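# Fold and geometry: a report
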Amino acid sequence: GENVEQHPSTLSVQEGDSAVIKCTYSDSASNYFPWYKQELGKRPQLIIDIRSNVGEKKDQRIAVTLNKTAKHFSLHITETQPEDSAVYFCAASSWTPLVFGKGTRLSVIA
Amino acid sequence: GAVVSQHPSRVICKSGTSVKIECRSLDFQATTMFWYRQFPKQSLMLMATSNEGSKATYEQGVEKDKFLINHASLTLSTLTVTSAHPEDSSFYICSARDRSGGNEKLFFGSGTQLSVL
(Lines give C-alpha, C1' and ligand atoms only; values in the text may rest on other atoms or scores of the structure.)
Protein backbone atom coordinates (compact mmCIF):
# COMPACT_ATOMS: atom_id res chain seq x y z
CA GLY A 1 0.00 0.00 0.00
CA GLU A 2 0.84 3.66 -0.02
CA ASN A 3 3.44 5.03 2.38
CA VAL A 4 3.89 8.76 2.91
CA GLU A 5 6.96 10.23 4.55
CA GLN A 6 6.91 13.85 5.74
CA HIS A 7 9.77 16.11 6.81
CA PRO A 8 10.59 17.94 8.94
CA SER A 9 8.55 16.94 11.98
CA THR A 10 8.99 20.40 13.49
CA LEU A 11 9.80 23.70 11.85
CA SER A 12 10.32 27.13 13.37
CA VAL A 13 10.54 30.23 11.22
CA GLN A 14 10.59 33.95 11.83
CA GLU A 15 7.51 35.88 10.85
CA GLY A 16 7.81 36.96 7.24
CA ASP A 17 10.14 34.13 6.25
CA SER A 18 9.17 31.19 4.05
CA ALA A 19 8.43 27.65 5.22
CA VAL A 20 8.82 24.50 3.17
CA ILE A 21 7.49 21.07 4.08
CA LYS A 22 8.36 18.04 1.98
CA CYS A 23 6.65 14.69 1.46
CA THR A 24 7.47 11.56 -0.48
CA TYR A 25 5.11 8.80 -1.47
CA SER A 26 5.63 5.24 -2.57
CA ASP A 27 2.68 4.30 -4.79
CA SER A 28 3.14 5.53 -8.34
CA ALA A 29 -0.62 5.13 -8.88
CA SER A 30 -1.37 7.95 -6.42
CA ASN A 31 -2.77 10.93 -8.25
CA TYR A 32 -4.21 13.22 -5.58
CA PHE A 33 -2.10 15.10 -3.04
CA PRO A 34 -3.87 17.35 -0.54
CA TRP A 35 -2.41 19.35 2.31
CA TYR A 36 -4.25 19.87 5.57
CA LYS A 37 -3.75 22.35 8.38
CA GLN A 38 -4.78 21.31 11.87
CA GLU A 39 -4.91 23.66 14.81
CA LEU A 40 -4.87 22.26 18.31
CA GLY A 41 -8.08 20.36 19.12
CA LYS A 42 -9.65 21.14 15.77
CA ARG A 43 -10.38 19.27 12.59
CA PRO A 44 -7.91 19.15 9.72
CA GLN A 45 -8.73 21.80 7.14
CA LEU A 46 -7.90 21.35 3.48
CA ILE A 47 -5.68 24.26 2.46
CA ILE A 48 -4.52 23.25 -0.99
CA ASP A 49 -4.38 20.16 -3.18
CA ILE A 50 -2.77 19.10 -6.43
CA ARG A 51 -3.42 16.36 -8.92
CA SER A 52 -0.86 14.39 -10.84
CA ASN A 53 -1.53 16.16 -14.12
CA VAL A 54 -0.26 19.44 -12.65
CA GLY A 55 3.26 20.28 -11.51
CA GLU A 56 2.54 23.34 -9.41
CA LYS A 57 -0.42 25.13 -7.89
CA LYS A 58 -0.54 28.40 -6.03
CA ASP A 59 -3.13 30.07 -3.84
CA GLN A 60 -2.01 33.43 -2.45
CA ARG A 61 0.82 32.71 0.03
CA ILE A 62 0.56 28.94 -0.32
CA ALA A 63 1.94 26.83 -3.15
CA VAL A 64 2.38 23.13 -3.74
CA THR A 65 4.79 21.48 -6.17
CA LEU A 66 4.72 17.91 -7.40
CA ASN A 67 7.48 15.85 -8.94
CA LYS A 68 5.90 12.62 -10.15
CA THR A 69 9.15 11.12 -11.35
CA ALA A 70 10.76 11.46 -7.96
CA LYS A 71 7.47 10.84 -6.14
CA HIS A 72 7.69 13.86 -3.93
CA PHE A 73 5.63 16.96 -3.32
CA SER A 74 6.17 20.05 -1.23
CA LEU A 75 4.21 22.77 0.50
CA HIS A 76 5.57 26.31 0.37
CA ILE A 77 4.27 29.08 2.60
CA THR A 78 5.63 32.56 1.92
CA GLU A 79 5.50 35.63 4.16
CA THR A 80 4.58 33.49 7.15
CA GLN A 81 2.35 34.92 9.85
CA PRO A 82 1.76 33.81 13.46
CA GLU A 83 -1.65 32.43 12.48
CA ASP A 84 0.12 29.99 10.17
CA SER A 85 1.34 28.16 13.29
CA ALA A 86 -0.29 24.71 13.26
CA VAL A 87 0.35 21.11 12.34
CA TYR A 88 0.40 20.46 8.62
CA PHE A 89 -0.30 17.04 7.11
CA CYS A 90 0.38 15.91 3.59
CA ALA A 91 -1.53 13.01 2.11
CA ALA A 92 -1.66 10.91 -1.02
CA SER A 93 -4.18 8.63 -2.67
CA SER A 94 -5.45 7.21 -5.92
CA TRP A 95 -9.01 5.96 -5.51
CA THR A 96 -8.24 4.58 -2.07
CA PRO A 97 -8.48 6.33 1.30
CA LEU A 98 -5.98 9.08 1.96
CA VAL A 99 -2.74 8.05 3.59
CA PHE A 100 -1.33 10.82 5.75
CA GLY A 101 2.19 11.82 6.57
CA LYS A 102 3.10 12.09 10.24
CA GLY A 103 2.70 15.85 10.26
CA THR A 104 4.89 18.92 10.63
CA ARG A 105 4.47 21.26 13.57
CA LEU A 106 5.10 24.76 12.22
CA SER A 107 5.82 27.56 14.64
CA VAL A 108 5.97 31.11 13.32
CA ILE A 109 7.83 33.36 15.71
CA ALA A 110 6.73 36.96 15.81
CA GLY B 1 -16.25 24.02 0.95
CA ALA B 2 -18.55 21.15 1.76
CA VAL B 3 -19.75 20.71 5.33
CA VAL B 4 -19.37 17.60 7.41
CA SER B 5 -21.02 17.61 10.82
CA GLN B 6 -19.80 15.33 13.60
CA HIS B 7 -21.44 14.83 16.99
CA PRO B 8 -20.77 14.79 19.82
CA SER B 9 -17.65 16.94 19.99
CA ARG B 10 -16.68 15.60 23.37
CA VAL B 11 -17.82 12.64 25.43
CA ILE B 12 -16.76 11.26 28.77
CA CYS B 13 -17.95 7.78 29.64
CA LYS B 14 -17.38 5.01 32.12
CA SER B 15 -15.40 1.94 31.21
CA GLY B 16 -17.64 -0.76 29.76
CA THR B 17 -20.21 1.55 28.23
CA SER B 18 -20.82 2.15 24.52
CA VAL B 19 -20.53 5.46 22.74
CA LYS B 20 -22.04 6.40 19.38
CA ILE B 21 -20.52 9.08 17.16
CA GLU B 22 -22.42 10.49 14.19
CA CYS B 23 -21.00 11.89 10.99
CA ARG B 24 -23.23 13.72 8.51
CA SER B 25 -22.51 15.27 5.14
CA LEU B 26 -24.77 18.32 5.10
CA ASP B 27 -24.67 19.51 1.51
CA PHE B 28 -23.51 16.57 -0.55
CA GLN B 29 -24.11 12.86 -0.79
CA ALA B 30 -21.27 10.74 0.48
CA THR B 31 -21.31 7.14 -0.65
CA THR B 32 -18.03 6.72 1.18
CA MET B 33 -17.00 8.01 4.59
CA PHE B 34 -13.85 7.33 6.51
CA TRP B 35 -13.18 7.07 10.22
CA TYR B 36 -9.82 8.13 11.58
CA ARG B 37 -8.28 8.02 15.00
CA GLN B 38 -5.73 10.52 16.24
CA PHE B 39 -3.67 10.22 19.38
CA PRO B 40 -2.09 13.38 20.86
CA LYS B 41 0.67 14.82 18.69
CA GLN B 42 0.29 12.02 16.15
CA SER B 43 -1.06 11.72 12.66
CA LEU B 44 -4.45 10.53 11.54
CA MET B 45 -4.70 6.77 11.33
CA LEU B 46 -7.42 5.28 9.16
CA MET B 47 -9.63 2.89 11.09
CA ALA B 48 -12.22 1.92 8.52
CA THR B 49 -13.93 2.85 5.29
CA SER B 50 -17.69 3.14 5.52
CA ASN B 51 -19.66 2.40 2.36
CA GLU B 52 -23.32 3.29 2.08
CA GLY B 53 -25.48 0.19 2.03
CA SER B 54 -22.69 -2.30 2.58
CA LYS B 55 -20.33 -3.50 5.27
CA ALA B 56 -17.46 -1.33 6.34
CA THR B 57 -13.89 -2.20 5.46
CA TYR B 58 -11.62 -2.22 8.48
CA GLU B 59 -7.89 -1.58 8.54
CA GLN B 60 -5.58 -4.20 9.90
CA GLY B 61 -5.55 -4.27 13.66
CA VAL B 62 -8.92 -2.56 14.09
CA GLU B 63 -11.50 -4.77 15.79
CA LYS B 64 -14.72 -4.66 13.81
CA ASP B 65 -16.74 -6.01 16.72
CA LYS B 66 -15.50 -3.23 18.94
CA PHE B 67 -15.84 -0.36 16.49
CA LEU B 68 -19.22 -0.82 14.85
CA ILE B 69 -19.82 1.23 11.73
CA ASN B 70 -23.16 1.81 10.10
CA HIS B 71 -23.69 3.80 6.90
CA ALA B 72 -27.40 3.49 6.33
CA SER B 73 -27.89 6.58 4.18
CA LEU B 74 -25.95 8.73 1.75
CA THR B 75 -25.49 11.42 4.37
CA LEU B 76 -24.96 9.59 7.65
CA SER B 77 -22.36 7.22 9.04
CA THR B 78 -22.10 6.23 12.69
CA LEU B 79 -19.23 4.78 14.70
CA THR B 80 -20.10 2.97 17.91
CA VAL B 81 -17.30 2.22 20.34
CA THR B 82 -18.58 -0.79 22.25
CA SER B 83 -17.49 -1.71 25.77
CA ALA B 84 -15.15 1.25 25.86
CA HIS B 85 -11.91 1.04 27.83
CA PRO B 86 -9.44 3.76 28.84
CA GLU B 87 -7.14 2.80 25.98
CA ASP B 88 -9.93 3.75 23.56
CA SER B 89 -9.61 7.35 24.70
CA SER B 90 -8.65 9.30 21.62
CA PHE B 91 -9.72 11.91 19.09
CA TYR B 92 -11.98 10.32 16.47
CA ILE B 93 -12.53 12.14 13.20
CA CYS B 94 -14.79 11.23 10.33
CA SER B 95 -14.40 12.39 6.77
CA ALA B 96 -16.63 12.24 3.75
CA ARG B 97 -15.67 11.99 0.12
CA ASP B 98 -17.30 14.53 -2.17
CA ARG B 99 -17.13 13.49 -5.80
CA SER B 100 -19.45 16.11 -7.19
CA GLY B 101 -18.25 18.58 -9.78
CA GLY B 102 -15.73 16.22 -11.24
CA ASN B 103 -13.15 16.78 -8.53
CA GLU B 104 -12.89 14.48 -5.58
CA LYS B 105 -12.19 16.08 -2.22
CA LEU B 106 -12.22 14.89 1.33
CA PHE B 107 -13.82 16.96 4.08
CA PHE B 108 -13.51 16.34 7.78
CA GLY B 109 -15.93 16.46 10.65
CA SER B 110 -15.00 18.52 13.69
CA GLY B 111 -13.87 15.47 15.62
CA THR B 112 -14.95 13.77 18.83
CA GLN B 113 -12.72 13.70 21.88
CA LEU B 114 -13.52 10.47 23.72
CA SER B 115 -12.38 10.07 27.30
CA VAL B 116 -13.04 6.73 28.97
CA LEU B 117 -12.72 6.73 32.75
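Predicted, not measured: the structure shown is a model, and the values here were computed from it. (Residues numbered from 1 in each chain as written. Chains lettered and ligands numbered in written order. Predicted model: local features only at pLDDT ≥ 70, side-chain atom pairs only at ≥ 80, totals over all residues. Heavy atoms only, no water.)

## Considering the interface of chain A and chain B
As a reminder of what qualifies: Whether two residues are in contact is decided by their heavy atoms, any of which lying within 4.5 Å being enough. Computed with a 1.4 Å rolling probe, the buried area is the accessible surface lost when two parts are put together, summed over both parts. The term salt bridge refers to a side-chain nitrogen of Lys or Arg lying within 4 Å of a carboxyl oxygen of Asp or Glu. Polar contact criterion, stated in full: a pair of N or O atoms within 3.5 Å, where within protein one must be able to donate a hydrogen and the other to accept it, and residues adjacent in sequence count only if both atoms are side-chain atoms. Helix numbers and strand numbers start at the N terminus; a helix is a DSSP run of H or I with at least 4 residues, a strand a run of E with at least 2. Classification convention: Asp, Glu, Lys, Arg as charged; Ala, Val, Leu, Ile, Met, Phe, Trp, Tyr, Cys, Pro as nonpolar; all other residues, Gly among them, as polar.
Tallying the contact residues gives 19 residues for chain A and 21 residues for chain B. Taken together, both faces of the contact between chain A and chain B bury some 1,600 Å²; the carbon and sulfur share is 54%. Linking chain A with chain B are zero salt bridges, by the criterion used here. Linking chain A with chain B are six residue pairs in polar contact (both at pLDDT 80 or more). Listing elements by their share of the side of chain A that touches chain B, those giving two or more residues are strand 4 (32-38) and strand 5 (45-51) of chain A. Counted by class, the side of chain A that touches chain B contains nine nonpolar, four polar and six charged residues.

## Comments concerning the sheet that holds strand 3 (residues 19-25) of chain B
Residue and element names in this part refer to chain B. Worth spelling out the cut-off: Any two strands with at least two DSSP bridges between them are considered paired. The axes are straight lines fitted to the C-alpha atoms, using for helices just the contacting stretch, and the angles between their N-to-C directions are given from 0 to 180°.
Strand order in this open sheet of four strands is 1-3-8-7, and the pairing throughout is antiparallel. Edge positions in the sheet fall to strand 1 (4-7) and strand 7 (67-73), since each has one partner strand and no second. Taken pair by pair, the neighbouring strands of this sheet meet at an average axis angle of 15°, ignoring direction. In terms of strand pairing, strand 7 meets strand 8 (residues 76-81) through five bridges, oriented antiparallel. Within the sheet, the bridge partner assigned to F67 lies in strand 8 and is V81.

Keep in mind these values describe shape, not function.
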